[in-house]
Amino acid sequence: MSLLKLTYIAHGWHLEIRKAPLFTNKIEAWQYGPVIPDVYNDFRAQRISIKNTLTLSQQPDLSAADEKLLEQIWDIYGSLTSFQLSDLTHISGGPWDIATKTGGHYATIPDELIRQHYVLKRSAANAAKVA
């Protein structure tokens, strides 16, 4: 569950910062949160639970800036429990909540909805710094 949440969060911040998706896979609003079905299916089929860093046999083609962003995401969110990550991705009025309410479970969560959410998160964080 944490892998899916962290992947979703990284995608959201990438949309906000880079104005482009981190990946092109579809994201859906499942009963227990946002899910990237391709990621879910790949790891579920392996019947593994990710608790440690993995070495990938095929490294994704990431820019140095994207690698740094992913490291920052890990530094900020990597130590959170799956329940804490769920609290972040299930926020009332957030993309998962909106998609679930308008399209039901398994509705696609559009990138633009995710991007808008992370733009608002950045604005709120900046306003808190000023206050």
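Residues numbered from 1 in each chain as written. Predicted model: local features only at pLDDT ≥ 70, side-chain atom pairs only at ≥ 80, totals over all residues. Heavy atoms only, no water.

Draft legend 1. Structural detail: unusual backbone geometry. Backbone geometry places K19, a non-glycine residue, at a positive phi of 60°. Tracing the sequence through the fold places K19 in the loop between α1 (2–18) and β1 (28–30). (Helix = DSSP H or I, 4+ residues; strand = E, 2+ residues; numbered from the N terminus.)

Draft legend 2. Highlighting the nonpolar core. Core analysis: the largest hydrophobic core is formed by 24 residues, its most contacted members being Y8, I9, I27, I73, Y77, I109 and I114. A per-element tally of this core places α1 first, with seven residues. (Core = buried A, V, L, I, M, F, W, Y, C linked by side-chain atoms within 4.5 Å. Buried < 20%, exposed > 50% of the residue type's maximum accessible area, 1.4 Å probe, protein only.)

Draft legend 3. Region of the structure containing the environment of I109. You can see I109 is positioned in the loop between β3 (107–108) and α6 (111–130). Between the C-alpha atoms of I109 and P95, which are 14 residues apart in sequence, the distance is 6.6 Å. Contacts of I109, omitting those with residues within four sequence positions, involve I27, E28, A29, P34, P95, W96, A99 and I114. (Contact = heavy atoms within 4.5 Å.)

Draft legend 4. Layout of the confidence of the model for the protein. Looking at the protein, the pLDDT average stands at 89 and 87% of residues meet or exceed 70. When the elements of the protein are averaged for pLDDT, helix α2 (residues 37–46) gives the smallest value, 80, and β3 the largest, 98. (pLDDT = per-residue confidence, 0-100.)

Draft legend 5. Inspection of helix α3 (residues 64–77) at higher detail. Taking 1.5 Å per residue as the helical rise, α3 with its 14 residues ought to reach 20 Å, and the 20 Å between its terminal C-alpha atoms agrees with that figure. Buried residues belonging to α3 abut α1 and α4 (82–89). (Expected span 1.5 Å × (residues − 1).)

Draft legend 6. Representation of the packing of α1 against α6 in the model. At a minimum axis distance of 8 Å, the contact between α1 and α6 shows a crossing angle of 80°. Judged on the interaxial angle alone, α6 and α1 are roughly perpendicular. Across the interface between the two elements, Y8, I9, H11, G12, W13, L15, E16 and I17 of α1 pack against D111, I114, R115, Y118, V119, K121 and R122 of α6. Of the residues in the contact of α1 with α6, the class split is eight nonpolar, two polar and five charged. (Axes fitted to C-alpha atoms, helices over the stretch in contact; angles between N-to-C directions. Parallel < 35°, antiparallel > 145°, perpendicular 65-115°, else oblique. Nonpolar A, V, L, I, M, F, W, Y, C, P; charged D, E, K, R; others polar.)

Draft legend 7. Examining the sheet that holds β1 more closely. The antiparallel open sheet is built from three strands, whose spatial order is β2-β1-β3. Lying at the two open borders of the sheet, with one neighbouring strand each, are β2 (33–35) and β3. Inspection of the sheet shows β1 paired to β3 by two bridges, in the antiparallel sense. Among the inter-strand pairings, E28 is bridged to a residue of β3, identified as T108. (Pairing = 2+ DSSP bridges.)

Draft legend 8. Region of interest: the side chain of H11. One can find H11 in helix α1. Under the relative-accessibility criterion, H11 is labelled buried at 0%.

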